[in-house]
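Tertiary structure, described
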Amino acid sequence: MAIRLSVVCHARTEAQRLGRFPLDEPVEPKGLAKAAELASRLKKPVRVLSAPETRAWQTAEALGSEIEIVPELGDYDFGEWQGLSLNDLQENAPEALAAWVSQPEIAPPAGESVIALCARVAAWLDSFQEDGHFVVVTHPFVIRAAILHALQAGPASFNAIDIEPLSVVDLRRNGHWRLRF
């Protein structure tokens, strides 16, 4: 039997709506209702796996199953940029922001680089050995990294992927990871 991961982006948060880098914040109430609707469209999984942040496990709970917290699915570490908006950074640290956007080896101050995130997500995916269907609730940056790994694409493509709240990416593995639509 193959592995199937239905990777779900957490429901919308205020930070997403306002264009800020996230803190550990809850999802907006409308998002929980939309997550409950999404649950009816997902095949019943063996288990629901969730990133540890509030917005991820709230979304996972709204999908209607018991959840298992998986630290490796945790959000990208924005370091000192957590809670700041892109506008704040464009005004106060435009060179640092431009370097971070264009160079995947650059990390925000006290944060994680895109290369490090991609390595973390790839290691988790490649260590996953359980057959069956699993729902995985995590964050846009983590999903981008998972897509790049499945496609065997480099981190230079990271910013070419947009992940919307409650979008679902289907990853399957039978020998190697594949992206399925």
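Shown above is the structure to which this text applies.
Model, not experiment: these values are computed from the prediction.

Put simply, helix 6 (residues 114–127) and helix 7 (residues 140–151) touch, their axes get as near as 9 Å, and they point 65° apart. When the axis of helix 6 is compared with that of helix 7, the two are roughly perpendicular. Here helix 6 runs over helix 7; the crossing is right-handed. The residues of helix 7 that touch helix 6, namely those facing L117, C118, V121, A122, L125 and D126, are F141, V142, A145, A146, L148 and H149. Of the residues contributing to the contact of helix 6 with helix 7, the split by class is 10 nonpolar, one polar and one charged.

Peptide bonds are, in most cases, trans, and in most cases residues other than glycine have a negative phi. Phi at Q152 takes a positive value of approximately 55°, unusual for a residue other than glycine. According to the relative accessible area criterion, Q152 is exposed, its value standing at 67%. Of note in this structure, L166 is not a glycine but carries a positive phi near 65°. On the secondary structure map, L166 appears in the loop between helix 7 and strand 5 (168–173).

Core analysis: the largest hydrophobic core is formed by 53 residues, its most contacted members being L5, W124 and L171. Ranked by the residues each element gives to this core, the list is headed by helix 7, at eight residues. With near-sequence residues (within four places) excluded, L5 lies in contact with W124, L125, F128, F134, V136, V169, D170, L171 and W177.

Attention now moves to helix 7. With 12 residues, helix 7 extends 17 Å from end C-alpha to end C-alpha; this agrees with the ideal 16 Å at 1.5 Å per step. Among the 12 residues of helix 7, 10 are classified as buried, and the element is accordingly described as predominantly covered. Here helix 7 has its buried residues at P140, F141, V142, I143, R144, A145, A146, I147, L148 and A150. Among the residues trailing helix 7, Q152 stands out with phi positive, at a value near 55°.

Okay, the sheet that holds strand 4 (residues 132–138) next. With mixed pairing, the six strands of this open sheet are ordered in space as 3-2-4-1-5-6. Two strands bound the open sheet, and with one partner strand each, they are strand 3 (67–69) and strand 6 (177–180). Strand-to-strand, the axes of this sheet are offset by a mean angle of 30°, without reference to chain direction. Examined bridge by bridge, strand 2 (residues 47–50) and strand 3 share three bridges and lie parallel to one another. Note on strand 3: the bridge partner recorded for S50 is I69.

Scoring rules and cut-offs
- Residues numbered from 1 in each chain as written.
- Predicted model: local features only at pLDDT ≥ 70, side-chain atom pairs only at ≥ 80, totals over all residues.
- Heavy atoms only, no water.
- Axes fitted to C-alpha atoms, helices over the stretch in contact; angles between N-to-C directions.
- Helix = DSSP H or I, 4+ residues; strand = E, 2+ residues; numbered from the N terminus.
- Parallel < 35°, antiparallel > 145°, perpendicular 65-115°, else oblique.
- Left-handed = near helix turned anticlockwise from the far one by under 90°.
- Contact = heavy atoms within 4.5 Å.
- Nonpolar A, V, L, I, M, F, W, Y, C, P; charged D, E, K, R; others polar.
- Buried < 20%, exposed > 50% of the residue type's maximum accessible area, 1.4 Å probe, protein only.
- Core = buried A, V, L, I, M, F, W, Y, C linked by side-chain atoms within 4.5 Å.
- Expected span 1.5 Å × (residues − 1).
- Pairing = 2+ DSSP bridges.

It is worth stressing that arrangement in space is one thing and function is another; only the former is reported here.
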